[in-house]
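If you want the building blocks of each chain, they are given just below.
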Amino acid sequence: MNQVDITNLILRANALVKTNWIHAAHILGTALEEHPDNLQILLNLGEIYLERQLFDKALSYYQKAIAIKPDDPHLLYIIGNCYFSAGEYRIANTYYSRVSHPTPEVLYNKALSLAFLGSHKESIDVIQELMKILSDNPFIHFLLIEQHVRIQNYEQAHHIIKQAEKKFGKHKQLLILSAVVSSKRGIWLKAYHCFSEYETLTPITGADHLIAYAQAATMIGLNDKAITLLNRAIKINPYISSVYEELVRLQLYLGDIMGARESINKAKRHIVRFNPTLKLLQDRVRNEDLNN
C-alpha cells in the first residue's frame, strides 16, 4: 500500500466514522498492521478514540506517534489533554511542560492541572505568564482569583476581582467569588449582598457556598435566613459536621429547642461519629429538654 492508498483509506475511514466508528477504527487498525510507523494512521486512530473519551485507547496510539515525533508540540498537547481528562494531572503537566513556545491553551491547561494538584503558587505563576499573552478572557481571571483564595491571599484576590469587574463588568462568577472573598475578609454585609445578588441569577448549589452565605446572614442578624440556608446545605451534602454545628448553635441561641433536637437527630442519621463540638451541643439539647 503506497502513500496515496493510505491517504484514500484515511479519507474513507473519516467519512465512515460518523456512522460506524468501530468499523472505521478496524479499517485503520488493519492498515496499521501493515504500516506500524505511519503517523497519519496513528493520529487518526488516536482522534477516533479521543472523541469517544476512550483515553487509554487513544493514548496507546498517541504514544506511538510521539515516539516518531518526540518534540511535536501539538502531539504533546493532545497527550497532556488525554491524561488531564483521565484525572492524571501530574502526568498531564509533564507533557504540557515539554511544549516549546506554549500557546494560551497549553498554558491554561497547565495552570489548571497545577491547581488540581494543589500547587496553587505554581499555578499563579503560569496564569501570570498566560495573561501576558491573553488578558481579555474572564475565565483566566476567575482561575487566578481562585488560586489566591486557595493560598488565603484574600487581599490580592479582592484586587484582581476589582480589576476584572472594570474589564468585564458584572458577571455571576465574579459575584460568587466576591462573596467568598468578602466572607474571608469579614466584610459580612457585602458578602451577603453578593451571595443574594448571585441567587437572583442562578441558585447556589454548592454546600460550601451556602454555609458561607449562612454565616454572612448570621453576622448581619438575619438568623432565620441563615437557618434556611444551612438546611439547604444539608440537603445537598448531609455529611458535613460543621453545618449541623452552626445550625444547632443558632437554634439554641434563638431558643428553638425543638428545632435543635430535630437537627441533632438528623445529624445522627448521617454522621457516623460525632466530633467533640457536636457531642457538647447534643448534651446542651438534652439539658434543655430536661429543664423544660
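Refer to the preceding data block for the structure.
What you see is a predicted model, and the numbers here were worked out from it, not measured in a lab.

A. Main features of the overall build of the protein chain. Per the secondary structure count, the protein chain includes 17 helices and zero strands. Taking 19 Å as the expected radius of gyration for a compact globule of 292 residues, we find that the protein chain reaches 27 Å, considerably beyond that expectation. If you line up the protein chain on its principal axes, its C-alpha atoms span 90 × 45 × 30 Å. Burial statistics for the protein chain: of 292 residues in total, 44% are counted as buried. Of the contacts formed within the protein chain by residues at least 6 apart in sequence, a portion of 46% connects residues at least 24 apart. Here the protein chain displays about 16,000 Å² of accessible surface, and carbon together with sulfur accounts for 51% of that area. Each charge class in the protein chain can be summarised by its mean position, and for the 32 positive and 29 negative side chains these summaries are 6 Å apart.

B. Molecular detail of the side chain of His 141. Within the secondary structure layout, His 141 lies in helix 9 (residues 138-150). We classify His 141 as buried; its relative accessible area is 4%. When sequence neighbours within four positions are dropped, the list of residues in contact with His 141 reads Met 131, Ser 135, Ile 160, Ala 164, Lys 167 and Phe 168.

C. Here's a closer look at the environment of Glu 197. Mapped onto the fold, Glu 197 is located in helix 12 (residues 188-201). Spatially, the C-alpha atoms of Glu 197 and Leu 175 are 7.5 Å apart, while their sequence positions differ by 22 residues. Ignoring sequence-local partners within four residues, the contact set of Glu 197 consists of Lys 170 and Leu 175. Here Lys 170 takes part through its side chain, which lies 2.6 Å from a polar atom of the side chain of Glu 197.

D. Up close: the packing of aromatic side chains. Inspection of every chain in the model, using the stated rule, returns 10 aromatic pairs. Ring geometry for Tyr 49 versus Tyr 61: centroids 5.9 Å apart, planes at 15°, classification stacked. Separated by 12 residues along the polypeptide, Tyr 49 in helix 3 (residues 39-51) and Tyr 61 in helix 4 (residues 55-68) bring together distant segments of the chain. Residue classification places Tyr 49 among the buried residues on the basis of a relative accessible area of 11%. Ring plane angle 35° and centroid distance 4.8 Å describe the contact between Tyr 89 and Phe 116, whose orientation is recorded as tilted. Of this pair, Tyr 89 sits in helix 6 (residues 89-97) while Phe 116 sits in helix 7 (residues 104-116), and the two are 27 residues apart along the sequence. Judged by relative accessible area, which is 48%, Phe 116 ranks as partly exposed. Connected via pairs of aromatic rings, a cluster forms that spans Trp 21, Tyr 49 and Tyr 61.

E. Examining the environment of Leu 117 more closely. Relative to the assigned elements, Leu 117 resides in the loop between helix 7 and helix 8 (120-133). Remark: the alpha-carbon pair of Leu 117 and Lys 190, spanning 73 residues in sequence, is separated by 31 Å. Residues within four places of Leu 117 in sequence aside, it is in contact with Tyr 89 and Arg 90.

F. The packing of helix 14 (residues 223-236) against helix 15 (residues 241-253), seen in detail. Relative to each other, helix 14 and helix 15 sit at 150°, their axes nearing to 10 Å. With respect to each other, helix 14 and helix 15 are oriented roughly antiparallel. As helix 14 packs across helix 15, the resulting crossing turns out to be left-handed. Facing Asn 223, Ala 226, Ile 227, Leu 230, Asn 231, Ala 233 and Ile 234 of helix 14, the residues of helix 15 in contact are Val 243, Tyr 244, Glu 246, Leu 247, Leu 250, Gln 251 and Tyr 253. The residue inventory of the contact of helix 14 with helix 15, partitioned by class, reads 10 nonpolar, three polar and one charged.

G. Representation of the nonpolar core within the structure. Formed by 98 residues in total, the largest nonpolar core has its most connected members in Ile 41, Leu 45, Ile 145 and Phe 195. Among the elements that take part in this core, helix 13 (residues 207-219) stands out by supplying eight residues, more than any other. In contact with Phe 195, other than residues within four places in its own chain, are Ile 176, Ala 179, Val 180, Ser 183, Ile 204, His 209, Ala 212 and Tyr 213.

Cut-offs and rules
- Residues numbered from 1 in each chain as written.
- Predicted model: local features only at pLDDT ≥ 70, side-chain atom pairs only at ≥ 80, totals over all residues.
- Heavy atoms only, no water.
- Helix = DSSP H or I, 4+ residues; strand = E, 2+ residues; numbered from the N terminus.
- Rg over C-alpha atoms; globule rule 2.2 N^0.38 Å.
- Buried < 20%, exposed > 50% of the residue type's maximum accessible area, 1.4 Å probe, protein only.
- Contact = heavy atoms within 4.5 Å.
- Areas by Shrake-Rupley, 256 points an atom, 1.4 Å probe, with all protein chains shown as cover.
- Lys, Arg positive; Asp, Glu negative; His and termini not counted.
- Charge placed at Lys NZ, Arg CZ, Asp CG, Glu CD.
- Polar contact = N/O pair within 3.5 Å; in protein donor to acceptor, adjacent residues only side chain to side chain.
- Phe/Tyr/Trp six-rings, centres within 6.5 Å; stacked < 30°, edge-to-face > 60°.
- Axes fitted to C-alpha atoms, helices over the stretch in contact; angles between N-to-C directions.
- Parallel < 35°, antiparallel > 145°, perpendicular 65-115°, else oblique.
- Left-handed = near helix turned anticlockwise from the far one by under 90°.
- Nonpolar A, V, L, I, M, F, W, Y, C, P; charged D, E, K, R; others polar.
- Core = buried A, V, L, I, M, F, W, Y, C linked by side-chain atoms within 4.5 Å.

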